[in-house]
Amino acid sequence: MLFGFSDVVNQRWEEPVTKTKSFDISKQVVWQAYCRVKANQGAAGVDGQSIQDFEIDLKDNLYKIWNRMSSGSYFPPPVRTVDIPKSDGRTRRLGIPSVSDRVAQMVVKMYLEPYVEPIYHPNSYGYITGRSALDAVGIVRERCWRFNWVIDLDIKGFFDNIDHELMLHAVKKHTDSKWVLLYIERWLKAPAQLRGGRLIKREKGTPQGGVISPVLANIFLHHAFDGWMQTNHPSILFARYADDIIVHCRTEAQAQVMLRAIGKRLSLFKLQLHPGKTKIVYCKDARRPREYKHESFDFLGYCFRPRGCKGRSYFVGFTPAVSKSAIKAMSDTIRGWKLQLWTSSSIEDIARRTNSVVRGWLNYYGRYYKSAMRPVLRQFQNALVRWAMRKYKRLKGHWLKATHWLGCLSRREPKLFASWEFGFRPSTGQ
């Protein structure tokens, strides 16, 4: 069966379609889009329908998406909005489409990607097959050793301020498919639903959190920034991950000239650089000892700044390590687990429930200057000690005994916790 359900046959889906459809969209593509959406999971949209709810009548739900998209009668529902706290005290508004709308967006994403990915600039890393955030961090790290100055660009409210007409014009450079353009326009204009149920008409921007939004963001900035840099400033290196952009310069004067030029270029696309967050940074290290007002910047969860490094000798290098905001987010997650209350769980249960998250942190933030992860790992270890003190009567009120017990366990089972595999284990006191 097309959807892998041998015990349920939906005749509406299986029967041949006699009526000619306006657009040629394959049922198989809809199925593949659903598989990707399911793999990504995600919260429910305005209809409250989860992935599990959607699967109760899977074939009929997928048939409706295919039928409506093929006939041109698919209209996206409003996007549920959620405000996510930012490190500066403000919030970022995310848009959460319904499950069915995520499937429909995935259909268009799967169509567009083969056309646009081959033309993306090699210095663009966000949401592109075979490229990652760590690749971007690594190339910025390497270039900071070679170039003395960096422009840390921050586009003010990028996802909220994309001009719809300019966005559609950019997409048309890569496809003339009427159904793709039709649905992208409808998604751009789909209203946002606030927490209380009030609908807000969207006249600009694309909701951050939608399946199609990263593709649209890449297309837009490819034309607004990447292509322009390649044509007009081919000797200036940069790294872009979605709207996070780092530009490398040889001198402060060159950085100032480039900053003005970039600001003027983005204004043509109705975008503005954030005046308080965009800055020129001096990549200070042992070879570059001068003083400057900005000597650090954050990029993709890493903070680049002068740090003590070990090589053949101890020296100061300009290098990345996990940022303070990323440490705070991880710390908040550990605190939110309240491990000391999991007394009905075994130590193996705790490992199973936390390892995927902790391992993800270590794989990402432990790539560069991994010792900066110690505060987070120490907090996690202390949470396990508190759990042991509440779990076992003989350890109650005895921090050192609980730590020793945990240390002995880490020696016997060094791969039980991801942090132990990483090399951070509690001491046995011996």
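Residues numbered from 1 in each chain as written. Predicted model: local features only at pLDDT ≥ 70, side-chain atom pairs only at ≥ 80, totals over all residues. Heavy atoms only, no water.

To continue, consider the packing of helix H2 (residues 27-40) against helix H4 (residues 58-71). As a packed pair, H2 and H4 sit with axes 10 Å apart at the nearest point and diverge in direction by 120 degrees. Relative to H4, the element H2 is oriented oblique. The way H2 lies across H4 gives a crossing that is right-handed. Here H2 contributes Lys 27, Val 30, Trp 31 and Tyr 34 to the contact with H4, which in turn contributes Leu 58, Leu 62, Ile 65 and Trp 66. By residue class, the composition of the contact of H2 with H4 is 7 nonpolar, no polar and 1 charged. (Axes fitted to C-alpha atoms, helices over the stretch in contact; angles between N-to-C directions. Helix = DSSP H or I, 4+ residues; strand = E, 2+ residues; numbered from the N terminus. Parallel < 35°, antiparallel > 145°, perpendicular 65-115°, else oblique. Left-handed = near helix turned anticlockwise from the far one by under 90°. Contact = heavy atoms within 4.5 Å. Nonpolar A, V, L, I, M, F, W, Y, C, P; charged D, E, K, R; others polar.)

In spatial order, the strands read E2-E1-E4-E5; together these 4 strands make up an open sheet with mixed pairing. Edge strands, defined here as strands with exactly one partner in the open sheet, are strand E2 (91-96) and strand E5 (199-200). Here strand E1 (residues 79-85) pairs with E2 via 6 bridges, running antiparallel. In the strand pairing of E2, Asp 83 is matched with Arg 93. (Pairing = 2+ DSSP bridges.)

Attention shifts here to helix H15 (residues 399-412). Given a rise of 1.5 Å per residue, 14 residues ought to cover 20 Å, and the 20 Å separating the end C-alpha atoms of H15 matches this to within 8%. Inspection of H15 places Ala 402, Thr 403, Trp 405, Leu 406, Gly 407, Leu 409 and Ser 410 among the buried residues, and these make up the whole buried set. Lining the buried residues of H15 we find helix H13 (347-365), helix H14 (374-391) and helix H16 (418-421). (Expected span 1.5 Å × (residues − 1). Buried < 20%, exposed > 50% of the residue type's maximum accessible area, 1.4 Å probe, protein only.)

Here Leu 194 lies in the loop between strand E4 (192-193) and E5. Between the C-alpha atoms of Leu 194 and Arg 80, which are 114 residues apart in sequence, the distance is 6.6 Å. Setting aside chain neighbours within four positions, we find Leu 194 in contact with Thr 81, Arg 93 and Ile 200.

Looking now at the nonpolar core. Membership of the largest hydrophobic core comes to 72 residues, with the highest contact counts inside it found for Met 69 and Val 247. Looking at which element gives the most residues to this core, the answer is helix H10 (residues 213-232), with 10 residues. Among residues more than four places away in sequence, those in contact with Met 69 are Phe 23, Ile 25, Tyr 74, Ala 104, Val 107, Val 108, Trp 179 and Tyr 183. Within the second largest apolar cluster, 59 residues are counted, among which are Ala 133, Ala 326, Ala 372 and Val 385. (Core = buried A, V, L, I, M, F, W, Y, C linked by side-chain atoms within 4.5 Å.)

Further remarks concern the sheet that holds strand E7 (residues 244-249). What the 4 strands build is an open sheet, ordered E6-E7-E3-E8; its pairing is antiparallel. On the outer flanks of this sheet lie strand E6 (238-241) and strand E8 (279-282), each paired with one strand and no other. Adjacent strand axes in the sheet meet at a mean angle of 20 degrees when their direction is disregarded. In this sheet, E7 lies alongside E6 in antiparallel orientation, the contact comprising 4 bridges. Bridge pairing links Arg 240 to Ile 245 in E7. Seen against the sheet, H10 touches strand E3 (149-154), E6 and E7 and runs at an angle of roughly 175 degrees to E6.

Here we come to empty space enclosed by the protein. It is a probe the size of a water molecule, rolled over the atoms, that shows where empty space is left. In total, this model carries 1 cavity of 30 Å³ or more according to the counting rule given. Here the largest cavity defines a volume of roughly 80 Å³. Lining the largest cavity are 14 residues, with Gln 105, Trp 187, Thr 206, Pro 207 and Ile 212 sitting closest to its centre. Of all the secondary structure elements, the ones that give two or more residues to the lining of the largest cavity are helix H9 (178-189) and H10. Partitioned by chemical class, the residues of the lining of the largest cavity number 9 nonpolar, 4 polar and 1 charged. (1 Å grid on protein atoms, 1.4 Å probe; cavity = no way out; pocket = protein on both sides within 12 Å on 5 of 7 lines; lining within 4 Å. Points joined across faces, edges and corners; volume = space filled by probe spheres on them.)

Moving on, we get to the packing of H4 against helix H5 (residues 99-116). Taken N-terminus to C-terminus, the directions of H4 and H5 make an angle of 50 degrees; their axes are 10 Å apart at the nearest point. When the interaxial angle is binned, H4 and H5 end up oblique. In the packing of H4 onto H5, the handedness of the crossing is right-handed. Contact residues: H4 offers Leu 62, Ile 65 and Met 69, while H5 offers Ser 100, Val 103, Ala 104, Val 107 and Val 108. Class assignment for the residues of the contact of H4 with H5 results in 7 nonpolar, 1 polar and no charged.

What follows covers the side chain of Ser 70. As for its placement among the helices and strands, Ser 70 is situated in helix H4. Within polar-contact distance, the side chain of Ser 70 engages the backbone oxygen of Trp 66 at 2.8 Å. Among residues more than four places away in sequence, those in contact with Ser 70 are Lys 21, Ser 22, Phe 23 and Ile 25. (Polar contact = N/O pair within 3.5 Å; in protein donor to acceptor, adjacent residues only side chain to side chain.)

In this section: the environment of Leu 182. Looking at where Leu 182 falls in the secondary structure, it is placed in helix H9. Since its relative accessible area comes to 22%, Leu 182 is described here as partly exposed. Note: C-alpha distance between Leu 182 and Asp 160 (22 residues apart in sequence) is 21 Å. Filtering out sequence-adjacent residues up to four positions away, Leu 182 remains in contact with Phe 23 and Gly 72.

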